[in-house]
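Chain residues, written in single-letter form:
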Amino acid sequence: MSFLGFGRPQPTSAEKIAAVENELKVVAEMHSRMVKICTMKCVDKTYREGELTKGEGVCLDRCAAKFFEAHQSISEQLQKETQARGGAGGFMG
């Protein structure tokens, strides 16, 4: 219940759990996409060496950083738009 009955009602425990589960799902999906995209972009398909080369490691690091930065930016924008429409925010980031 909200303070003095004003404002949005507080989410129940089940709603909080569902929100956390949804956020975990979104993060796991983002991680999967990032690994797939960055591996395709940065890792040599011939696998000539057992370890990543320095160039592959740098490429993967930069790719992951850019992927995460883009995800954060999009998540923030979606959250702002959701709040502007009066919906519940706090997802995807």
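This report concerns the structure included in the present document. Source: prediction; values computed, not measured. For every chain, the first residue of the written sequence is number 1, and numbering continues from 1 along that sequence. Predicted model: local features are reported for residues with pLDDT of at least 70 only, side-chain atom pairs are reported and counted for 80 or more only, and whole-chain, interface and lining totals are derived from all residues. The basis for the side-chain values is all heavy atoms of the structure; hydrogens and waters are excluded.

## Brief notes about the overall build of the chain
Turning to step 1, where the next piece is worked out: Each helix is a run of H or I in the DSSP string that is no shorter than four residues. Each strand is a run of E no shorter than two, and both are numbered from the N terminus. The number of helices and strands found in the chain is two helices and zero strands.
Turning to step 2, where the next piece is worked out: The buried label applies to any residue whose accessible area, calculated with a 1.4 Å probe on protein chains only, is under 20% of its type's maximum; exposed applies above 50%, and partly exposed to all values in between. Of all 93 residues assigned to the chain, the portion counted as buried reaches 14%.
Turning to step 3, where the next piece is worked out: Pairs at least 24 residues apart make up 35% of the contacts formed inside the chain by residues separated by at least 6 positions.
Turning to step 4, where the next piece is worked out: Of the accessible surface of the chain, which amounts to about 7,600 Å², a share of 60% is contributed by carbon and sulfur atoms. Residue contacts are counted whenever heavy atoms from the two residues lie within 4.5 Å of one another. All accessibility values rest on the Shrake-Rupley procedure with a 1.4 Å probe; residue burial counts only the protein chains present in the view.

## A closer look at the nonpolar core
Turning to step 1, where the next piece is worked out: Counting residues in hydrophobic clusters, the biggest one holds six residues: M30, M34, C38, C42, C63 and F67.
Turning to step 2, where the next piece is worked out: Counting only elements with at least two residues in this core, the list comes to α1 (13-42) and α2 (54-84).
Turning to step 3, where the next piece is worked out: With four residues, α1 is the single largest residue contributor to this core.
Turning to step 4, where the next piece is worked out: If we ignore the near neighbours within four places in the chain, the residues touching C63 are C38, K41 and C42. Here, the term nonpolar core denotes a set of buried Ala, Val, Leu, Ile, Met, Phe, Trp, Tyr and Cys residues that are joined through side-chain atoms within 4.5 Å.

## As for the environment of G55
Turning to step 1, where the next piece is worked out: Its location among the elements puts G55 in helix α2.
Turning to step 2, where the next piece is worked out: When its relative accessible area of 49% is taken as the criterion, G55 is described as partly exposed.
Turning to step 3, where the next piece is worked out: Here the alpha-carbon distance between G55 and V43, two residues twelve residues apart in the chain, equals 9.1 Å.

## Overview of the pattern of salt bridges
Turning to step 1, where the next piece is worked out: Here, a salt bridge means any Lys or Arg side-chain nitrogen found within 4 Å of an Asp or Glu carboxyl oxygen. Evaluation of the coordinates by the stated rule reveals one salt bridge.
Turning to step 2, where the next piece is worked out: Taking the shortest distance from any N to any O, the salt bridge between R48 and D44 comes out at 3.7 Å.
Turning to step 3, where the next piece is worked out: Overall, the relative accessible area of 70% leaves R48 in the exposed class.
Turning to step 4, where the next piece is worked out: Accessibility expressed as a relative area gives 32% for D44, which makes it partly exposed.

## Focus: the state of the cysteines
Turning to step 1, where the next piece is worked out: Disulfides are defined in this document as cysteine sulfur pairs within 2.5 Å. For the structure on display, the rule yields two disulfides.
Turning to step 2, where the next piece is worked out: The disulfide that involves C38 links it to C63, with 2.0 Å between the sulfurs. Between C38 and C63 the sulfur-sulfur dihedral comes to about -85 degrees; the bridge is accordingly left-handed. Note that C38 is positioned in helix α1 and C63 in helix α2, a separation of 25 residues in sequence. An identical accessibility class is assigned to C38 and C63; each is buried.
Turning to step 3, where the next piece is worked out: The side chain of C42 participates in a disulfide bridge whose partner is C59; the two sulfur atoms lie 2.0 Å from each other.

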